[in-house]
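Chain by chain, the residues run as shown.
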Amino acid sequence: MKSLSEVSLTGIFLLIFLLPFLSLAQKPQRQLHIKRASSAIELDGVLEEAAWQDAEMSNGFWQNFPMDTSRTVAPSEVRLTYDDKFVYLGVKCYATTEGNYYVTPSLRRDFRGAGNDQFSFIIDPFQDQTTAFIFGINPYGVQREGLISNGGASQQDFDLSWDNRWFSAAKRYEDYWIAEFAIPFKTLRYKENSKEWNIQFYRLDSHTNERSTWNHVPLNFRLYSLAYTGKLLWDQPLKKPGANVSLIPYVSTQQNRDFSETEGVSNFAAGGDAKIAITPSLNLDLTVNPDFSQVEVDQQVTNLDRFEIFFPERRQFFLENADLFANFGSENVRPFFSRRIGVAIDTATGINVQNPILGGARLSGRVNKNWRLGLLNMQTGADEDISLPSFNYTVAAVQRQLFARSNISGLFINKQSFSDSTNEFSLGSNNFNRLVGLDYNLASADNTWTGKIYYHQSFDPTPKKASYSHGANLTYSTRKWELIWEHQIVGEGFNAEVGFTPRRNFRRISPSIARTFYPDGSGIVSHGPGIEQQLWWKPDLGISDYNFSLFYDFNFRNTSRLTVSAMNDYIYLFRPFSPSRQGLSFLTGETFNMMYLMVEYESDERRNFNYEINTINGQYYGGILNSFSGTLNYRFQPYGLFSLDFNYSDINLAEPYSDTQFVLIGPRLDLTFTRSVFLTTFVQYNSQFENVNVNARFQWRFKPVSDLFIVYTDNYTAYGESRFFPDTYEKKNRGLVVKLTYWLNL
């Protein structure tokens, strides 16, 4: 196995550094000229001002779906202009049928999915084709804004959690709709005196079920792939946007009651953030006594695995330029995971608890076209109840652009307590965890080749054997073929305390191959088979886990999808494990070989009623697993969405092990009374943890990025003979939060 690792590493290493020179030719980038507005612009969904008439108009969008070889059926016309404060965009989106009915799940901002009529504007001011801003709107005037990282290669590279100030209007007509954007220069990060930006526009049209882009994007890539942007040419060099300082103070009050205690707890908090533009492309974020109570409760899941589940970061302070810090390593070997800051483990119960953050600072952005910099420092408070000292978190990241779209990045992490055993301040404290790492990220000019190679080393007060992690992956993607190679090596002493690494001391390889066919004149847009394989082993043991998957994908013209997979798993237990979480456990050293069938189906999202279904049927730890899960959605457009998440897992094990059924039910009602007033209520019942969670969240966005939140949560222990309808409910805890935030530009 060792020789296989060395050969694989050498081959991948050579390929990654040679492939930037092997890129295929692309179509020339489209260009659009922008000149200063000749008149004032009113955002009203009517393009009648002289500035719009004088602006250059561009059309001729390309289809991306269902096919990418022709112009669009539903045309779009776009114009751009600007003044001292704003970049303006005006777009006219034609419909192929009369009537002003368009699809939107609700009036809530940051919509996403194939079942939306919408128009989006991508801005890459540094033309690195790696990071970008995205702003979007639908025919009902609902906004979304986000960040694109890593070239937009995958769905995970598109993040709508980022929030910032901009303005817009939309108006629906009989056979078209119009939208206007006004994006402040202060919201963007760009280079002073620049005369070119990379841009892209794309549109989703529900009438024709068509996805289209201004600059052509091949069907096998994402609409937001930054390898296929066009050029925006300014009529004069851009100036600095002037002083750019924003204060975001908050006040909040909380009422919490733990029913194992005799009395509840009340507290009042105040604090806030500041955003200071050091340069037009480098931003300093400051926070004092931050409060993250507006963050939604994580969606509960049924965990049938042996390892920790990853939940994404949602806290605003960590989001801008988050890829600088968070994109090191690979999916399950992440050296930095910001959700570790502000969360601690109660060693007495093993439960995660909030650890207050006293304050912090984050400097991130571009130094110039080729260099990006990220510095983060945060201080958490001590918690004497769980014997937790105060920790300081310092993270430094630097990234250098290479070739057309590749880069090399370095990372340093230091988690340290500045107190001794008597809790007295001490710079020489021996309570620390450190990590250094180096990543090379490959993205060829045409996105055909993408990949990564990395090496990370951790350091603890007591040196550990093999305290490193290494990995590499390489993807070759064309219209017909996708080939992927990935391998990872994690040493037994690797300890990334501020990261996410559910398992250690393993070697892993994961090759896959998929073929896609495009039939003519059919309701199926594409279909094709694929094979995925994953193999884990330990140096002193041999093979510990094995997964083989043979699948077939169908993508339908109406946006629905079907995947059928046949799976074979092999597992060696390193510790006792009970699949039913009760009764006897299987012992360390036992092995299992399991075969099962998985079916996944996503229906047409344009319908008011749509759904996702996932079934698993087959062998499971010497027994049988039948699992049925999914989401049902009903849209009463445009004011709301009712959804129901569900999961039923029936585990039947051989004697003397216990059978069980896990049930998760999560109804959710999302009401959007207007584009600024929202109410979300949901209930989550998880029989695996015998917990019922009730959450209701009211939000009033009374000004851009200024909100009033009222959040109520309730948790019960629920159990009984019936897992579907437990008959005993015991109160666990209850909380009410009222929070007011205000975005103030200085």
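Look a little higher up for the structure.
What you see is a predicted model, and the numbers here were worked out from it, not measured in a lab.

Now for the overall build of the protein chain. Summing up its helical and strand segments, the protein chain has three helices and 42 strands in all. Here the C-alpha radius of gyration of the protein chain, 26 Å, is about what a compact globule of 746 residues would show, namely 27 Å. Taken along its principal axes, the extent of the C-alpha atoms in the protein chain is 80 × 60 × 55 Å. Across the 746 residues that make up the protein chain, the buried fraction comes to 53%. When contacts within the protein chain are restricted to residue pairs at least 6 apart in sequence, those whose partners lie at least 24 apart make up 59%. Summed over all atoms, the accessible surface of the protein chain reaches about 32,600 Å², with 56% contributed by carbon and sulfur. Computed over 70 positive and 78 negative side-chain charges, the inter-centroid distance for the protein chain is 6 Å.

Here we take up the pairing of strand β24 (residues 432-443). Most of β24 sits out of view: nine of its twelve residues are buried. Of the strand pairs in this sheet, strand β23 (residues 406-416) and β24 are connected by ten bridges, and their pairing is antiparallel. Across the sheet, Leu411 pairs through a bridge with Gly437, a residue of β24. In this structure, β24 lies alongside strand β25 (residues 449-459), joined through ten bridges in antiparallel fashion. Pairing of Leu435 across the sheet is with Ser458, part of β25. Connecting the antiparallel pair β24 and β25 is a turn made up of five residues, with Asn447 showing a positive phi of about 70°.

Our next topic: the side chain of Ser281. Among the structural elements, Ser281 can be located in the loop between β16 (265-279) and β17 (282-288). The exposure class assigned to Ser281 is buried, which follows from its relative accessible area of 9%. Discounting residues that sit within four places of it in the chain, Ser281 has contacts with Phe126, Arg189, Tyr190, Ser364, Gly365 and Arg366.

For the rest of this paragraph, the subject is the packing of aromatic side chains. Using the criterion set out here, one finds 39 aromatic pairs in the structure. Seen from their ring centres, Tyr552 and Phe554 are 5.0 Å apart, and the 35° between their planes marks the pair as tilted. By relative accessible area, which is 27% here, Tyr552 ends up partly exposed. Taken together, a centroid distance of 5.1 Å and an interplanar angle of 65° make the contact between Tyr572 and Phe574 edge-to-face. Judged by its relative accessible area of 29%, Phe574 is partly exposed. For Arg362, the ring lying beneath its charged end belongs to Phe317, and the centroid distance is 5.9 Å. Its guanidinium or amino end placed over the ring of Phe506, Arg503 lies 5.6 Å from that ring's centre, counting from NZ or CZ.

Once that is clear, we can look at a nonpolar patch on the surface. There is a patch of nonpolar side chains on the surface, built from Phe609, Tyr634, Phe636, Tyr639, Phe642 and Leu669 and spanning about 570 Å² of accessible area. In this fold, Phe642 is placed in strand β36 (residues 640-652). Take Phe642: its relative accessible area is 38%, and that puts it in the partly exposed class.

Glancing now at empty space enclosed by the protein. Applying the stated criterion to the full structure yields five cavities of 30 Å³ or more. Its boundaries defined by the atoms lining it, the second largest cavity holds a volume of some 100 Å³. Among the residues forming the lining of the second largest cavity, the class breakdown is two nonpolar, seven polar and two charged.

To continue, consider the side chain of Asn614. When you line up the elements, Asn614 lands in strand β34 (residues 609-620). Look at Asn614 and you get buried, because its relative accessible area is 17%. Side-chain polar atoms of Asn614 contact the side chain of Glu600, separated by 3.4 Å. Aside from chain neighbours lying at most four places away, what touches Asn614 is Met598, Val599, Glu600, Ser627, Phe628 and Ser629.

Scoring rules and cut-offs
Residues numbered from 1 in each chain as written. Predicted model: local features only at pLDDT ≥ 70, side-chain atom pairs only at ≥ 80, totals over all residues. Heavy atoms only, no water. Helix = DSSP H or I, 4+ residues; strand = E, 2+ residues; numbered from the N terminus. Rg over C-alpha atoms; globule rule 2.2 N^0.38 Å. Buried < 20%, exposed > 50% of the residue type's maximum accessible area, 1.4 Å probe, protein only. Contact = heavy atoms within 4.5 Å. Areas by Shrake-Rupley, 256 points an atom, 1.4 Å probe, with all protein chains shown as cover. Lys, Arg positive; Asp, Glu negative; His and termini not counted. Charge placed at Lys NZ, Arg CZ, Asp CG, Glu CD. Pairing = 2+ DSSP bridges. Phe/Tyr/Trp six-rings, centres within 6.5 Å; stacked < 30°, edge-to-face > 60°. Lys NZ or Arg CZ within 6 Å of the ring centre and 35° of its normal. Patch = residues over 30% accessible without salt bridge, like charges linked within 9 Å, V, L, I, M, F, W, Y side chains within 5 Å. Salt bridge = Lys/Arg side-chain N within 4 Å of Asp/Glu carboxyl O. 1 Å grid on protein atoms, 1.4 Å probe; cavity = no way out; pocket = protein on both sides within 12 Å on 5 of 7 lines; lining within 4 Å. Points joined across faces, edges and corners; volume = space filled by probe spheres on them. Nonpolar A, V, L, I, M, F, W, Y, C, P; charged D, E, K, R; others polar. Polar contact = N/O pair within 3.5 Å; in protein donor to acceptor, adjacent residues only side chain to side chain.

So yeah, pure geometry; function would need other evidence.
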